[in-house]
Amino acid sequence: DTEKSMPHAIIGSIKGVKSDAFASKLNENKVMVSTKTSCCPLNTPSKLVYALTKDKGLASTSIRISLSHLTTKEEIEEFLKIFDKCYKEMI
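Residues numbered from 1 in each chain as written. Predicted model: local features only at pLDDT ≥ 70, side-chain atom pairs only at ≥ 80, totals over all residues. Heavy atoms only, no water.

The next point concerns the nonpolar core. One recurring pattern in soluble globular proteins: nonpolar side chains tend to sit buried together. Ile14, Val17, Phe22, Ala23, Leu26, Val31, Val33, Ile63, Ile65, Phe79, Ile82 and Cys86 together form the largest nonpolar core, which totals 12 residues. Mapped onto this core, the elements with two or more residues apiece are helix H1 (19-28), strand E2 (62-66) and helix H4 (73-90). (Core = buried A, V, L, I, M, F, W, Y, C linked by side-chain atoms within 4.5 Å. Buried < 20%, exposed > 50% of the residue type's maximum accessible area, 1.4 Å probe, protein only. Helix = DSSP H or I, 4+ residues; strand = E, 2+ residues; numbered from the N terminus.)

Written out as C-alpha cells, the structure is:
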C-alpha cells in the first residue's frame with residue numbers, strides 16, 4: 001500500500017551476501033546504508049523483511065537505502081555505480 005509506505009526508503013536483499021559486510025564495503029566507498037529497520041536489535045535479521053518473506057536468509061541479507069527530496073539523479077547514478085562495483089567484489 002503506497003499510501004502507508006515510506007516513499008523515500010528502499011529495502012532489498014542481496015541473496016548470498018551478508019548485509020553487514022556489504023554495508024561495510026559501501027561505507028569504504030563513502031556510501032552509507034542501513035542493514036535493518038530502526039526497531040531491529042543489532043546482530044539479528046531484519047524483522048521487517050522476515051515478516052514479509054518468512055525467509056531468514058533474505059532477512060539477514062537486507063539493506064535499507066534512504067533517499068530524500070534533495071537526492072539528485074546524479075547521486076543515484078553514482079550510487080548505482082558504487083553498488084555494482086561493491087557487489088562484484090563481494091561475489
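From this point on, the discussion continues.
What follows concerns the packing of H1 against H4. Relative orientation of the contacting elements H1 and H4 amounts to 130°, with a least axis distance of 10 Å. Our classification of the angle between H1 and H4 gives oblique. As H1 runs across H4, the sense of the crossing is right-handed. When H1 is examined against H4, the residues Ala21, Phe22, Lys25 and Leu26 are found in contact with a partner set consisting of Ile82, Phe83, Cys86, Tyr87, Glu89 and Met90. (Axes fitted to C-alpha atoms, helices over the stretch in contact; angles between N-to-C directions. Parallel < 35°, antiparallel > 145°, perpendicular 65-115°, else oblique. Left-handed = near helix turned anticlockwise from the far one by under 90°. Contact = heavy atoms within 4.5 Å.)

Phi is positive for Lys30, close to 65°, though the residue is something other than glycine. Within the secondary structure layout, Lys30 lies in the loop between H1 and helix H2 (47-53). The backbone phi angle of Lys54 is positive, close to 60°, even though this residue is not glycine. Along the chain, Lys54 turns up in the loop between H2 and helix H3 (56-59).

Tracing the chain through its elements places Val31 in the loop between H1 and H2. Taking the relative accessible area as the measure of exposure, Val31 reaches 12% and is therefore buried. With 48 residues separating them in the primary sequence, Val31 and Phe79 have C-alpha atoms 7.3 Å apart. Ignoring sequence-local partners within four residues, the contact set of Val31 consists of Leu26, Phe79 and Ile82.

Our focus in this paragraph is the environment of His8. Tracing the backbone shows His8 in the segment before strand E1 (9-13). Residue His8 is classed as partly exposed on the basis of its relative accessible area, which comes to 37%. Along the chain, His8 and Ile65 lie 57 residues apart, while their C-alpha atoms are 8.3 Å from each other. Apart from residues lying up to four places away in sequence, His8 is in contact with Ile65, Ser66 and Leu67.

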